[in-house]
Amino acid sequence: MSRKLLDAWLASDPNRPADAIDIYRSVVDLLSARMRLTLIRVDDGDPWQWRMRAIRTYGFASRLLDMSKLLPDGPLGDVSDRQFMEQAVVPRMQEVIQTQQPVIEVVTTKVMGLSVGYDRIMLPQKNASRPEWVITSTMGRFMFVAPQKHAELDLTDESIVQLLVEGATAKEIAAQINVSPRTVEHRIERMKDRMGARNLVQLTAMLMAYRLGHVTPDHHAD
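Values in this document were obtained by computation on a predicted structure and should not be read as measured data.

Undergrad: When you look at the packing of aromatic side chains in this model, what are you seeing that I'm missing?
TA: Geometrically, a pair of aromatic rings is defined through the distance of the ring centres and the angle of the planes. All told, the structure shown has 0 aromatic pairs when counted by the stated rule. In this structure, R82 is placed above the aromatic ring of W48, and the distance from its NZ or CZ to the ring centre is 3.7 Å. Above the face of the W9 ring, K126 is positioned so that its terminal group lies 4.6 Å from the ring centre.

Undergrad: I'm lost on the pattern of salt bridges in this one. Help?
TA: Where charged atoms from two side chains of opposite charge come close, those side chains can pair. Per the counting criterion, the structure on display carries 13 salt bridges. Across the pair E95 and R92 runs a salt bridge, and its minimum N-O distance is 2.8 Å. Remark: R92 and E95 occur in helix α4 (residues 82-99); sequence separation between them is 3 residues, near one turn of the helix. Taking relative accessible area as the criterion, R92 reaches 11% and is therefore assigned buried. Between R187 and D154 there is a salt bridge, with the nearest N and O atoms lying 3.1 Å from each other. With R187 in helix α7 (residues 181-195) and D154 in the loop between β6 (133-144) and α5 (155-165), this residue pair connects regions lying 33 residues apart in the sequence. Residue classification places R187 among the buried positions, given a relative accessible area of 16%.

Undergrad: Looking at this structure, I do not really get a negative patch on the surface. What am I missing?
TA: The grouping of D19, D43, D44, D46 and E132 at the surface amounts to a negative patch. Among the secondary structure elements, D44 is positioned in the loop between β1 (35-41) and β2 (51-56). Under the relative-accessibility criterion, D44 is labelled partly exposed at 34%.

Undergrad: Mind showing me how you'd approach α4 here?
TA: Since the α-helix packs 3.6 residues into each turn, any two residues three or four apart lie on the same face. For α4, spanning 18 residues, the distance from its first C-alpha to its last is 24 Å, which sits close to the expected 26 Å at 1.5 Å a residue. Along its length, α4 shows its largest kink, about 35 degrees, at V89, and proline P91 lies within four residues downstream of that point. Taken residue by residue, α4 has F84, M85, A88, V89, V90, R92, M93, V96 and I97 as its buried positions. Following α4 by one or two positions, Q100 adopts a phi angle in the positive range, close to 55 degrees.

Undergrad: So what exactly am I meant to see when it comes to the side chain of T138 here?
TA: The residue T138 is located in strand β6 in this model. Since its relative accessible area comes to 10%, T138 is described here as buried. A polar contact is formed between the side chain of T138 and the side chain of Y58, at a distance of 2.6 Å.

Undergrad: Sorry if this is basic, but what is going on with the nonpolar core here?
TA: Nonpolar side chains tend to gather and get buried jointly when the protein is soluble and globular. Ranked by internal contacts, the top residues of the largest apolar core, which has 28 residues, are F84, M85 and M93. Elements with a contribution of two residues or more to this core: α3 (67-70), α4, β4 (103-111) and β5 (114-124). With 8 residues, the top contributor of residues to this core is α4. With near-sequence residues (within four places) excluded, F84 lies in contact with L71, V89, T109, K110, V111 and Y118.

Undergrad: I keep staring at the environment of D22 and nothing clicks. Help me out?
TA: Relative to the helices and strands, D22 resides in helix α2 (residues 20-24). Judged by relative accessible area, D22 falls into the partly exposed class, the value being 40%. Residues D22 and A8, 14 residues apart in the sequence, show an inter-C-alpha distance of 7.6 Å.

Undergrad: Is there a simple way to explain unusual backbone geometry in this structure?
TA: Peptide bonds are trans in most cases, and residues, glycine excluded, mostly fall at negative phi. Positive phi values are uncommon outside glycine, yet Q100 reaches one of about 55 degrees. Mapped onto the elements of the fold, Q100 is located in the loop between α4 and β4. Phi is positive for N178, close to 60 degrees, though the residue is something other than glycine. Residue classification places N178 among the exposed residues on the basis of a relative accessible area of 69%.

Undergrad: Would you mind showing me how to read α5 here?
TA: Those residues of α5 lying buried are D157, I160, V161, L163 and L164. The N-cap residue of α5 is D154: its side-chain oxygen and the backbone nitrogen of T156 are 3.1 Å apart. After α5 finishes, the residue G167 shows a positive phi value of roughly 95 degrees.

What counts as what
Residues numbered from 1 in each chain as written. Predicted model: local features only at pLDDT ≥ 70, side-chain atom pairs only at ≥ 80, totals over all residues. Heavy atoms only, no water. Phe/Tyr/Trp six-rings, centres within 6.5 Å; stacked < 30°, edge-to-face > 60°. Lys NZ or Arg CZ within 6 Å of the ring centre and 35° of its normal. Salt bridge = Lys/Arg side-chain N within 4 Å of Asp/Glu carboxyl O. Helix = DSSP H or I, 4+ residues; strand = E, 2+ residues; numbered from the N terminus. Buried < 20%, exposed > 50% of the residue type's maximum accessible area, 1.4 Å probe, protein only. Patch = residues over 30% accessible without salt bridge, like charges linked within 9 Å, V, L, I, M, F, W, Y side chains within 5 Å. Areas by Shrake-Rupley, 256 points an atom, 1.4 Å probe, with all protein chains shown as cover. Lys, Arg positive; Asp, Glu negative; His and termini not counted. Charge placed at Lys NZ, Arg CZ, Asp CG, Glu CD. Expected span 1.5 Å × (residues − 1). Bend = angle between axes of the 7 residues up to and from the residue. Polar contact = N/O pair within 3.5 Å; in protein donor to acceptor, adjacent residues only side chain to side chain. Core = buried A, V, L, I, M, F, W, Y, C linked by side-chain atoms within 4.5 Å. Contact = heavy atoms within 4.5 Å.

Geometric values such as these leave the question of function open.
Quick look at the structure:
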């Protein structure tokens, strides 16, 4: 899918600016439920007045976040999480408009308090003057709820967290770090209580979010 998008963009001519549909037409039916294809009209000087339209939105359900409500069709200024737009979207779009070069990257950031990660492609219209649109294609990687309570983890807790993420059982963790299984279970229960997790699955997700929260939200090329 990414290759088709990029090939169509590469074939376009800045002296005869293409319509956006000429770039994305061949990939619409290839999008999975974890992907979103968006067209942003950028012919206004004010980024918050750039108009966004979902060509295809995410098809998966989540109780954590309704992406269709977060990213409604209309001006970027209508997006409820302005900090997310200021940090992860608008500056990058301004860059691709200025350079008229595509961007392919992995983004890790915060959205409505959640730790999220996604693959992103941005394709600005090739235009001898200034692009009139930018196409973005994103594919979700993860979405983790942040812990309800702040919790500092000691070295033993950190070891337990790492092994939990790797899929180890309490008995396996105990053998690995030379403590009793009861100690591991006690520490897991204590982390659940401190972070407000209802079960082990939610605790693991919160611990991942906790780790991601200690990294400054940013984007980087993959």
